[in-house]
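# Structural features, examined
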Amino acid sequence: MNCPAMSASASSSCSYSTFRPRPLLPQTRLPIEVFAASDGYHHRGWGEKQPLRLLGKQSLPLRALVTSNISSSAVISEDEKIGVLLLNLGGPETLDDVQPFLFNLFADPDIIRLPPLFQFLQKPLAQFISVARAPKSKEGYASIGGGSPLRHITDAQADELSKCLSEKNVPAKVYVGMRYWHPFTEEAIEQIKRDGITKLVVLPLYPQFSISTSGSSLRLLERIFREDEYLVNMQHTVIPSWYQREGYIKAMANLIQNELEKFDSPSQVVIFFSAHGVPLAYVEEAGDPYKAEMEECVDLIMEELDKRNITNAYTLAYQSRVGPVEWLKPYTEEAITELGKKGVENLLAVPISFVSEHIETLEEIDVEYKELALNSGIKNWGRVPALGTEPMFISDLADAVVESLPYVGAMAVSNLEARQSLVPLGSVEELLATYDSQRRELPAPVTMWEWGWTRSAETWNGRAAMLAVLALLVLEVTTGKGFLHQWGILPLSQ
């Protein structure tokens, strides 16, 4: 793969271009209500007209950061070995892998948070949930070929990134570390040590930062680093999120533009950004920047499309919620149904938080949401593919790696418009320390009961269900008897 140039200023391997994140103003509107219509107005509820304002748009113009023309080879000594660690979720490669994969997922305290008093039940609860969900999950994986393609795609991304870095005069070995399945992050770290890597760039393959994705992987790395003398002395840096980078934004805009052209009436298509959801409390109570970064990401993509005279209506919703607690809204399934009721006939789904095809795109979006859309009155459905190994995207990741190497601070940067990152670049410990300094414990989201179909009712129903499950687990663990033991979820007492 030939690495494409990002711009005239980035046409050689010794100068690079990127966007910096910018501070966001408080968001008060529901994304499902906001559309960019061809008459120069957003329509709220398809009725009241408002002055044109892109989702999350601010008056700050977008400008590129360009480093000075210093050859990258001039700042890498011969005895240094550069490594890049790509972090991703992981996925079961066969149907037999599904249940243990789910166990690893739900045993992560950043995925299911239990009160300190009940944390000893984390693994029994994960075992219970994984066994209960495995049959349905197996059906989903069977429908896409019997396993997740995520490892194959991530390995391909690693290979292309390595080639692209070589073309930019940065010889580096690229490793893949999955959080919940092979190759596990621990396995990648052991290989990094065997290869004698002296400088490491940690690059989560999540464009936007979240507690439950990049945050979980970085916490695991923090534990590994603290326990290993070699890793303590190895220089490293983390790129926590990169949704604002020029190459990523343009690559996404290219994919959207290509899919729009497949419709008979491209200008009439609603662009439907679907992001993976997170519990609402992560954002409101724990300070997760995911929602703010996601909204700005959509803003940047729509700005890029606007430059190409593509002014379609668009919206953002969140998919893949699990359990009884409230997640980020609007939910994708509800948003699709509502669009059908509003008379939308053409819909283009954009998996905005995914850079690889996997179960959430191939089954949840392509099968479940497509069927829902067609049953809701939407006549024409399209879906933007995940980025995968798209050349501009890979080239931009390579630029991000070069820019974030520990010596990048020696490069001169001038005439820039400052953009304050929501999650700063830095080492694993520095990053988590900065994040945790503003992070609070998750309090109960509702303290008083409210009658009706309310957030209070939903929360209390979730509490009741959790208490029932915890009580069941305590009973089974203490007595050694019950259906969990009979089903093999917990070992039978001797």
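Residues numbered from 1 in each chain as written. Predicted model: local features only at pLDDT ≥ 70, side-chain atom pairs only at ≥ 80, totals over all residues. Heavy atoms only, no water.

Applicable threshold: UniProt positions are given in the numbering used here, feature names are shortened, and annotations may be inferred rather than shown by experiment.
For the protein, an unreviewed UniProt entry supplies the name Ferrochelatase and the organism Eruca vesicaria subsp. sativa. Within the UniProt record for the protein, the comment given under Function (unreviewed entry) is "Catalyzes the ferrous insertion into protoporphyrin IX." Word for word, the UniProt comment on the protein under Pathway (unreviewed entry) is "Porphyrin-containing compound metabolism; protoheme biosynthesis; protoheme from protoporphyrin-IX: step 1/1."

## Here we look at the overall build of the protein
Rules: Put simply, DSSP marks the helices as runs of H or I at least four residues long and the strands as runs of E at least two long, and each gets a number from the N terminus on. Contacts are assigned to residue pairs that have any heavy atoms within 4.5 Å of one another. In these tables, accessible area is a Shrake-Rupley quantity obtained with a 1.4 Å probe, and a residue counts as shielded only by the protein chains included in the view.
Counting its regular elements, the protein contains 15 helices and 12 strands. Taking contacts inside the protein between residues at least 6 apart in sequence as the whole, the part at least 24 apart equals 79%. In the form shown here, the protein has an accessible surface area of approximately 22,000 Å², with 54% of it arising from carbon and sulfur atoms.

## Points about unusual backbone geometry
Operational definition: Working definition: with a 1.4 Å probe on protein chains only, accessible area under 20% of the residue-type maximum means buried, over 50% means exposed, and in between means partly exposed.
Here the residue pair His 182 and Pro 183 is connected by a cis peptide bond, since its omega of -10 degrees sits within 30 degrees of zero. Mapped onto the elements, Pro 183 comes out in the loop between strand E6 (172-178) and helix H4 (185-194). Phi at Asn 169 is positive, roughly 65 degrees, even though this residue is not glycine. Position of Asn 169 among the secondary structure elements: in the loop between helix H3 (150-167) and E6. For Asn 169, a relative accessible area of 37% gives the class partly exposed. Of note in the backbone geometry, Asn 309 takes a positive phi value of approximately 65 degrees without being a glycine.

## Some remarks on H3
Helical geometry: 3.6 residues make up each α-helical turn, so side chains three or four residues apart lie on a common side. The line we're drawing: In this analysis, the expected span of each helix is defined as 1.5 Å times one less than the number of residues it contains.
An ideal rise of 1.5 Å per residue puts 26 Å on 18 residues; H3 measures up with 26 Å between its terminal C-alpha atoms. If you check which residues of H3 are buried, you get Leu 150, Ile 153, Thr 154, Gln 157, Ala 158, Glu 160, Leu 161, Cys 164 and Leu 165. Lining the buried residues of H3 we find strand E5 (82-88), E6 and helix H12 (391-404). Looking one or two residues past H3, Asn 169 carries a phi angle of roughly 65 degrees, positive in sign.

## So, the sheet that holds strand E7 (residues 199-204)
As a reminder of what qualifies: A strand pair is defined by DSSP finding two or more bridges across the two strands. In this description, a line fitted to the C-alpha atoms serves as the axis of each element, helices being fitted only across the stretch in contact, and the angle between N-to-C directions of two axes falls anywhere from 0 to 180 degrees.
Reading across from one edge, E6-E5-E7-E8 is the order of the four strands in this open sheet, with parallel pairing throughout. Edge strands, defined here as strands with exactly one partner in the open sheet, are E6 and strand E8 (235-238). Averaged over all neighbouring strand pairs, the angle between strand axes comes to 20 degrees, with direction disregarded. The sheet contact formed by E5 and E6 spans seven bridges and is parallel. Across the sheet, the residue bridging to Val 84 is Val 174, located in E6.

## Concerning the packing of aromatic side chains
Here is the rule: Only centres within 6.5 Å qualify two rings of Phe, Tyr or Trp (six-membered ring in Trp) as a pair; their planes then separate them into stacked at under 30 degrees, edge-to-face at over 60, and tilted for everything else. Consider the ring centre and the ring normal. A charge sits over the ring if Lys NZ or Arg CZ is within 6 Å of that centre and within 35 degrees of that normal.
What the rule picks out here adds up to three aromatic pairs. With a centroid separation of 6.1 Å and 70 degrees between ring planes, the pair formed by Trp 181 and Phe 184 is classed as edge-to-face. We classify Trp 181 as buried; its relative accessible area is 10%. With a centroid separation of 5.4 Å and 90 degrees between ring planes, the pair formed by Trp 242 and Tyr 248 is classed as edge-to-face. The same class applies to Trp 242 as to Tyr 248, namely buried. Among the aromatic residues, those joined into a ring-pair cluster are Trp 242, Tyr 248 and Phe 393. The cationic tip of Arg 321 hangs over the ring face of Tyr 331; the distance from NZ or CZ to the ring centre is 3.7 Å.

## A look at helix H11 (residues 359-375)
Operational definition: The reported bend at a residue is simply the angle between two axes, fitted to the 7 residues ending at it and to the 7 residues beginning with it.
Ile 365 marks the point of greatest bend in H11, at about 35 degrees. Inspection of H11 places Ile 359, Glu 360, Thr 361, Glu 363, Glu 364, Ile 365, Tyr 369 and Ala 373 among the buried residues, and these make up the whole buried set. In the segment just after H11, Gly 377 is the residue with positive phi, at about 105 degrees.

## Some thoughts on the packing of H3 against H12
Axes are the key here: two packed helices are described by the angle between their axes and the distance separating the axes. What counts, and what does not: Crossing handedness is read from the near helix: turned anticlockwise from the far helix by less than a right angle, it gives a left-handed crossing, and turned clockwise, a right-handed one. We call Asp, Glu, Lys and Arg charged. Ala, Val, Leu, Ile, Met, Phe, Trp, Tyr, Cys and Pro are nonpolar, and the rest, Gly among them, are polar.
At a closest axis distance of 9 Å, the pairing of H3 and H12 adopts a crossing angle of 60 degrees. Remark: the crossing between H3 and H12 carries right-handed chirality. Here H3 contributes Gln 157, Glu 160, Leu 161, Cys 164 and Leu 165 to the contact with H12, which in turn contributes Phe 393, Ile 394, Ser 395, Leu 397, Ala 398, Val 401 and Val 402. Looking at the contact of H3 with H12 residue by residue, the classes come out as nine nonpolar, two polar and one charged.

## A word on the confidence of the model for the protein
So the rule is basically this: Confidence scores here are pLDDT values: one per residue, from the predictor, ranging 0 to 100.
Chain-level pLDDT for the protein is 78 on average; 67% of the residues reach the 70-or-more range. Contacts for the low-pLDDT stretch residues 7-71, under 50 throughout, to residues beyond four places or in other chains number 162 contacts. In this model, residues 407-424 is a region of pLDDT below 50 whose contacts with residues beyond four sequence positions or in other chains number 43 contacts.

## Examining the pairing of strand E9 (residues 270-276)
For E9, the buried fraction is high: six of the seven residues fall into the buried class. In this sheet, strand E10 (residues 314-319) lies alongside E9 in parallel orientation, the contact comprising six bridges. Across the sheet, the residue bridging to Phe 272 is Thr 315, located in E10.

## Things to note about the nonpolar core
Generally speaking, nonpolar side chains in soluble globular proteins are found buried as a group. Definition in use: Grouping buried Ala, Val, Leu, Ile, Met, Phe, Trp, Tyr and Cys residues that are joined through side-chain atoms within 4.5 Å yields what is termed a nonpolar core.
By size, the foremost hydrophobic cluster in this structure holds 64 residues, and its most contacted members are Leu 165, Tyr 248, Ile 256, Phe 273 and Ile 352. Setting aside residues no more than four positions away along its own chain, Ile 256 makes contact with Ile 271, Phe 273, Ile 301, Leu 305, Leu 348, Val 350 and Val 384.

## Observations concerning the pattern of salt bridges
To keep things clear, this is the line we draw: Salt bridge criterion: a side-chain nitrogen from Lys or Arg within 4 Å of a carboxyl oxygen from Asp or Glu.
Considering all chains together, one arrives at 24 salt bridges under this definition. A salt bridge links Arg 151 to Asp 155; the shortest N-O distance between them is 3.9 Å. With Arg 151 and Asp 155 both in helix H3 and four residues apart, the pair spans about one turn of that helix. The partner of Glu 160 in a salt bridge is Lys 163, and the shortest N-O contact between them spans 3.7 Å. Residue Glu 160 and its partner Lys 163 are located together in helix H3, separated by three residues, close to a single helical turn. Taking relative accessible area as the criterion, Glu 160 reaches 16% and is therefore assigned buried.

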